[in-house]
Every structure is written in structure tokens, then in C-alpha cells.
Amino acid sequence: MAESSPGVPERSDDRRTENGQKVSLRLRIRRYNPEIREDSWWDEFEVRMLPNDRLLDALHEVKWRHDGTLALRRSCAHAICGSDAVTVNGRNRLACKVLVKEVAPRCTVEPIRGLPVLKDLIVDMEPFFDGYRSVLPYLVPEEGEPDKERPQSPEDRHRFDDTTKCILCACCTTSCPIFWGDEGYVGPAAIVAAHRFIYDSRDRAAQDRLQILSAKTGVFRCRTTFNCTEACPRSIQVTKAVQELKRSILFDRF
Amino acid sequence: MAGGLVTTVHTYDAVIVGAGGAGLRAAIEASDRVRTAVISKLYPTRSHTGTAQGGVCAALANVEEDYPEWHAFDTVKGGDYLVDQPEAAVMCEEAPRDIYELEHWGLPFNRTPDGKIDQRRFGGHTRNHGEAPVKRACYAADRTGHMILQTLYQQCVKRNVRFFNEFYVLDLLMNEGRAAGVVAYELATGELHVFRAKSVMFATGGSGRMFKVSSNAHTLTGDAPAIAYRHGIPLEDMEFFQFHPTGVYKMGILLSEAVRGEGGILLNSEEERFMERYAPTVKDLAPRDLISRAIFQEIKEGRGIGPGRDGVWLDVRHLPREVIEEKLPDVTEFARLYLSVEPTTELVPIQPTAHYAMGGIPTDVDGLCVTGPDSVAVPGLYSAGECACVSVHGANRLGTNSLLDIVVFGRRGGKHMAEWSRTVDLPPLPDDPEGFTRGLVDPILARTEGVPPVEIRDRLQETMYDLAFVVRSAEGLTKMKGILDELKRQYEQVVIQDKGRMYNTDLMEAVELGFLLDNAEPLVVAALAREESRGGHYREDFPNRNDENWLKHSLAYRDEDGSVRLEWKPVKLGPYVPMERKY
């Protein structure tokens, strides 16, 4: 990244194009590698980053210049692919959606909770996707396809807009204390996936999904702690979606 | 055995490598017909299709008069006449069918007041052969790619498609000129897996990570083109890379063309709307190559912004707030989060970013790999999406046509590979099928001193950005070729710290770097050979298009000694006679 060059006069609002001076960031990272030892441990790294760099850039700095054995998942680096969910200072975040200036001079990074840790920041995602797959996460339309699109009014389309934004990063599910304690609970992300279809005017399987969610592994496990809503990097109103489904089950209305 | 580990052998009819839009669309088609496996180095929903924002074009005529033929014309002209015209006609004619299919599968498109799929403007898409911009892009806010990826994955879940997630394919198996399977490295365990198959499809996406400023994910490292190239399969039109005009300043994250489709404009340091001078008819909705070059011209003439005077402004302050918040929510958030800029009241700094490879593994309209000037088929080998070259994008892809490409040619390829697989026997495996892969991985794991990948990768990305980006020259490309020779030598000594088996992402990144180098070299050699300017390939020493000598596709082969050998293949022409490209 270019440092500011004092010789070139710029507009008064340089903030938009300049990154300022590098700052120091002390990263405390929870490590785990069953190939070399049984228990987890903490490592600390000191890196120099620009304030607008992402925490992911800082983790790359560690991996590429300090310790190549650090294992993490990441891909798009701008909060769409959902690969890099980690716990940052106790909160579930996407590492690419946290800026260094937010957490400097020090921060703690751990794997997300409630899923088995495989190595360092990498957890086993299979139980999470099992929950997702259990709620029939696909449109079940009426028989017979029209030649063109199925009509849907903008209002009907808007009804389920919020829950279409989910990127399956698991920030919500792994912030949920019920999920931590109960392996059977499908978790908030699966409920969001169900919500997306139940309130889609084109779908005909709402009753099936509501039945799945009314089981003991479903929505009534939720104790409304709002951790999921706070954790969602897509600003989905997760708890609201869960509450809507509880009401739909209780009053048979959707 | 690699590192003392056993190799597992799997047998399928069809194996698809990559689980983005093209791979998933092919999987839906193939898994209904034959035993199919999808192998991806990521979880499918992490694929880069999900980051596509603005829309997917089809002449539905839901909002304005429109015809597939107008779409085909725009595609050919947008591609600076290097497009194979019959292939583009197929894509544009079948586009409405594929959009309706996505809708039937649940894709939540934005709607018109009367409940149809809504459509909006996009760069280079016009009514009646260039008269004015047309509303052709079907969209779901600025999350169209996300919705396509989710919808296709949902359909795969419904069909119980067999996925091998976080399996990294490192080699293609061939038997007497026919595809026989692939070899994959399982990231969780470090084990090798041989997948025997009657047909193989490569759908691994782009290679933008060879440039310092790119919209591409870290994982877009040209894996399939490099693997094919190492097996003597040529790469077509590698010199044509799209530099999207509106990347987030210094970061490269894409700010969708939909911003300009909805009325956003570009301003230089004097806050002049400079595109009025370069494209008087469509202005800020000119194709991406023209706008990126215009930005570089403004920068060259001293009207750039930022400390390096190397960007321009994107202005949406005049747009209604509800358009910004409702139709461009994610883009707005990128500006707020990564630039600390409030786009409703402030100008947003942008610069061109490496976005899309027009070139790749040559295929026909059924995704079947074809080699040489006479397009000889490689039985059983398929490719679709960004890593393939049909060629429907020619020298410059129009916005939205990539999402269209993946659904049309993913479907066609998946169908063809499945039907073909039903008619043939399983080819025998070559001797020592995983030998090549061991030869790739074991030396990297064994080496204790040498050059770390980050040193080679940083130099590759910086020099490709300086010498093979929007503006190129013989001098710069020759220098780049020399640098690549040096980097390839250094790569022979690449050393990593992680020697373990589980989730060795250090090893994975080192392999990815090798693949990137094998994408960069054919790009640079073909760019040096092509002494003209066309679409995304601009040579300041040959600033004009030259149809007499260069209306032809390049095919880059790797020779036995490792050097690049070029052949040339005629462009398939059609109803549209090449003419000067004005907008």
C-alpha cells in the first residue's frame, strides 16, 4: 500500500484514499495441532499493519512471515464467502470484516465454539451443514412448471428478503449457548434457511419444515439470548426469524 | 506411498472439479443421469460465484423491448469481434430458458410491480445494436451471484449430490488421449485420492491472484488451466484479461457495475464526468475495457486522485437514497467498511482491478475440450465457467455474461458429459496414477531451505500489475517474461514451514503459487506476440485493432522443454462484420 507522499498536495479529505501510518498489533491466537500435541496452547505474534487493513491481513502476515503452520480458512476476503468465521475478543466475527484499527493494539483470536476443532482456527463444519440439510433447504414448488417465471409481487419477495442474505458462515450457530450444550439442536443458521423458504410465496413445504422445527431439536430450544443476531456479519435479524417461526408453529399461521 | 499414507481409489462416471456456479450447474445435470462426484478445494458455498453482484443478462423483455439477437450482437461487439459468433448466439438464445429455470428452483430475483423478474441496465448491453442502454440484467439486489450459488447448492442438496469438500485436485489422469480421472489431495488428512472416471469436468474459476490489485478470492489461482497446460492441452486467448474499472481503491474489492447501471458516474480529480469524452452515447455504461483504459488515460494526463494520483472517483451522491440502500446494499457497505466513506454524501475512490480471465481451456458449446487450430476433441475432458474459453467473451466480457456463461455452459457440459459417459467403458488408469502428484508435493514437503512462497508471490503480483495490466508494451512484457523465468527457477526451490499432514494450508498455497506461474507465463507470451490492441489487451506500442493480422485466437502450449509455443485458431465469424467499436 502506498504511503502518503508529502510532495503531492491533496484534497482536504485525504481519509478516503490514505491509509495512515502502520500501527502495532499484538495477536494472541489459540493453537491446536493434534499431530504435535494433545492439548491446545496460545501463541503471540507482534505485527505492524495499516489501520484499515483487515484482521485477515494480519493473520496472513503471521502465516506468511512468522509461522507458516498457522491454519485458517479464507477465500474472498470481503465478507461474502463466509470462510473465515473466528472468535475475536470473545465475539464471533469474519476476520475479513474486522479492521485493524478496531482491535489494535492487541486482540485475541480463537476458533468458533461448539464445533470440533481440527487444527488451529479450522473447525469441523460437517455438524453445522448437517443441521442446514435437515430443514429441506430448497424450494418445493407446486407441480408443473410454467413456461416463464412464477409471478411474485415485490411485497411477497420482500417478506423473506432478510434471510436470503445468509452466507452459512456459522457465526450465529456457534455463538449460541444452546448449540454449545446440545449437539442435537439444529441451530440458528438452519432455522434461518428454513425461514427463507417457509415465507416464500412460491413454496409448498412450509408444514413439513415447521414440523421438523417443532421437534425437540428445533426452534423451541432457543432461549432468545440474541447472541446470533449480534454475531451475524450480514445483519440478519436472526432472533426475529426464530421468533416468527415459533409463532407460526404455535398458531399454525405463516 | 505419499508420506507413508495409503491412496484411496474412487470410481465414478462423471467427476466435476470445482463447486462454483458452473460446477454445481453441471452436477445437477449429470447427477440425474450418472454416478457423479463433485470435488472442490473449498466448501461449495465458499466459491467465488457468490461474490458476483450486479446481475445476469437475458433478453426476457420484462421491462423494455429486447431480443436475444440484440444480446448476441452486444456480446460480439463487447468482445471486440474475437467472440466465436455461433457460440455467442447459443448462449444468448438459451439465456431466458436458464433464467426461468433458476427462478423455478427458487432464486429470489427482484420483481417488477406486476410480479415479473425485474431487469436493469448494465455496461455494453444496448437496444437495437447500440442505440441506447437497455434493461436486460436480471438481478437480486447486488447479491445476484450469492443467490445463484445458494440456489444451485440447494438443488444439489435436494438431489443428494456427492461432494468431496476440501479435496484439492492436483493432477489430471489421461489414457491414450482420453480423460481417465483426477488425483486429489485431501486437505484434512494429507492423503491422496485417485478418482477414476469416464469423464472429467474442470470448473475451477479464475486466476486473478496473479495480479497485486484483484477482485478475486485468495483461492482463485488458475488451478485447472495449469493442470491442463502441464498435460499438453493448450490455453486459449490467455492474453485477454479483464480489468474491471471500479475496484475499491488499493484493495481491488469489486464495486459492481450495477452502481453505474443505477446511475452512478465516474469523475476525475477535477470532478469532470470524463466518460462523456470517451463514450458519448453510453458514457459511464461503456464496456469495462474502454472505461479502464479511459481511467488510465486520465491518470496519465494528471487527473487521477489519491496520494499516487492513480485512481478516480465513483459518484452516487445524486442517486435516491432508497436506490443506494435497497438496490446496492452490499456495495454501499463495502465503501463504508473498507474505505470509511459514506457514499450517499461522499465520493468513493476507485481504481481498475484484475477481475476476469476471458481465456482458458478451449471448449466447444457442449463444454468438450478441443485442441489445435482444427478443434480436435479430447474425449471425456470438459470445462466450463471462467477457467474455460468457449469463446463467448472474446477479448472483453460484458458485465453479467459470466453468470450467464456458468449456467448455460455448466448445464450443456454436464448433460453432454453424462450422456457420453453412459455410452463408454471406464478407461484403464495409467501406470502409477499418483506418481506425478507425489513428485509435485513430496519435494516441497522435504525441502528444508529455499525461497518462501510469499517472496515469489509478492514479486509475481507486483510485476504483473506493473507490466501486464491495463497498459502493456513489448518492452514491459519482455521484462516480465524475464522475471517469470527467474520466478520459475526460484519456485523450484520453494520452501514451506508446515511439514504436517492435517490442513497443511502452507503446502496448498505453495502449490497454488506454482499454478499461478503456469497461468502467468502463457498470458505474457501471448500478450507479447499479439501486436495489436483489442478488448482487454491494450498495447501502447500497437494501439489499434488489426483484423487483417490478428482476428484469431491464440493457443498456448507448453513444450517439452517447458517453454511456451503458440498456435493460432481462426475466429468463427457470423452475421456481425467487425467494425470500429464506438459507444
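Everything quoted here is computed from the prediction, not taken from an experiment. (Residues numbered from 1 in each chain as written. Chains lettered and ligands numbered in written order. Predicted model: local features only at pLDDT ≥ 70, side-chain atom pairs only at ≥ 80, totals over all residues.)

**Q** Run through the nonpolar core, naming residues and quoting values.
**A** Side chains of a nonpolar character, in soluble globular proteins, are inclined to be buried together. Residue and element names in this part refer to chain B. Judged by nonpolar contacts, the single largest core of 265 residues is most densely connected at V15, V17, I39, V182, A184 and V200. Broken down by element, this core gets its largest block of residues, 15 residues, from helix α15 (residues 505-529). Dropping the residues within four chain positions of it, V200 is found in contact with V15, V17, L172, A179, G181, V182, G380, L381 and Y382. (Core = buried A, V, L, I, M, F, W, Y, C linked by C-beta atoms within 7 Å. Buried ≥ 20, exposed ≤ 12 C-beta atoms within 10 Å, placed from the backbone. Helix = DSSP H or I, 4+ residues; strand = E, 2+ residues; numbered from the N terminus. Contact = placed C-beta atoms within 7 Å.)

**Q** How would you explain the sheet that holds strand β1 (residues 23-31) of chain A if you had to name every residue and give the values?
**A** Residue and element names in this part refer to chain A. Spatially, 5 strands are ordered β2-β1-β5-β3-β4 in an open sheet, and the strand pairing comes out mixed. For this open sheet the edge positions go to β2 (41-49) and β4 (91-94), each flanked by a neighbour on one side alone. With strand direction ignored, the average angle separating the axes of adjacent strands in the sheet is 35 degrees. Where β1 and β2 come together, 9 bridges link them in antiparallel fashion. Bridge assignment links I29 to a residue of β2, and that residue is D43. (Pairing = 2+ DSSP bridges. Axes fitted to C-alpha atoms, helices over the stretch in contact; angles between N-to-C directions.)

**Q** So, the environment of P108 of chain B: which residues are in play, and what are the values?
**A** By the secondary structure assignment, P108 of chain B is in the loop between α3 (85-104) and β4 (119-127). A residue is classified by how many C-beta atoms lie within 10 Å of it, and P108 of chain B, with 23 of them, is buried. Separated by 157 residues in the primary sequence, P108 of chain B and I265 of chain B place their C-alpha atoms 28 Å from one another. When residues no more than four places from it in sequence are discounted, the contact partners of P108 of chain B are R157 and T164 of chain A together with A140 and M147 of chain B.

**Q** Quick one: what's the story with the sheet that holds strand β3 (residues 56-57) of chain B, residue by residue and with numbers?
**A** Residue and element names in this part refer to chain B. In spatial order, the strands read β3-β5-β4; together these 3 strands make up an open sheet with antiparallel pairing. Looking at which strands have only one partner, the edges of the open sheet turn out to be β3 and β4. Of the strand pairs in this sheet, β3 and strand β5 (residues 132-138) are connected by 2 bridges, and their pairing is antiparallel. Looking across to β5, one finds that C57 is bridged to A137.

**Q** Requested: an account of the domain arrangement of chain B, with residues and values cited.
**A** Residue and element names in this part refer to chain B. Under the domain assignment used here, chain B contains domain 1 (2-240 + 356-423), domain 2 (248-353) and domain 3 (435-570). Just the C-alpha atoms count here: the centres of domain 1 and domain 3 sit 23 Å apart. In this complex, domain 1 contributes 45 residues to the contact, which on the side of domain 3 involves 45 residues. Elements that contribute at least two residues to the side of domain 1 that touches domain 3 include exactly β7 (167-175), β8 (178-186), α5 (223-230) and β10 (235-236). By residue number, the principal contributor to the side of domain 1 that touches domain 3 is α5, which donates 5 residues. Residue classes in the side of domain 1 that touches domain 3 are distributed as 24 nonpolar, 12 polar and 9 charged. (Domains from an automatic or database assignment. Nonpolar A, V, L, I, M, F, W, Y, C, P; charged D, E, K, R; others polar.)

**Q** An account of the interface of chain B and chain A is needed here, citing residue identities and associated values.
**A** Contact residues are listed per partner, giving 56 residues for chain B and 51 residues for chain A. When residues of the side of chain B that touches chain A are traced back to their parent elements, those giving at least two are α3, α4 (144-158), α10 (329-339) and α15 of chain B. Counting residues per element, the side of chain B that touches chain A draws most heavily on α4 of chain B, which supplies 6 residues. Split by residue class, the side of chain B that touches chain A holds 25 nonpolar, 20 polar and 11 charged.

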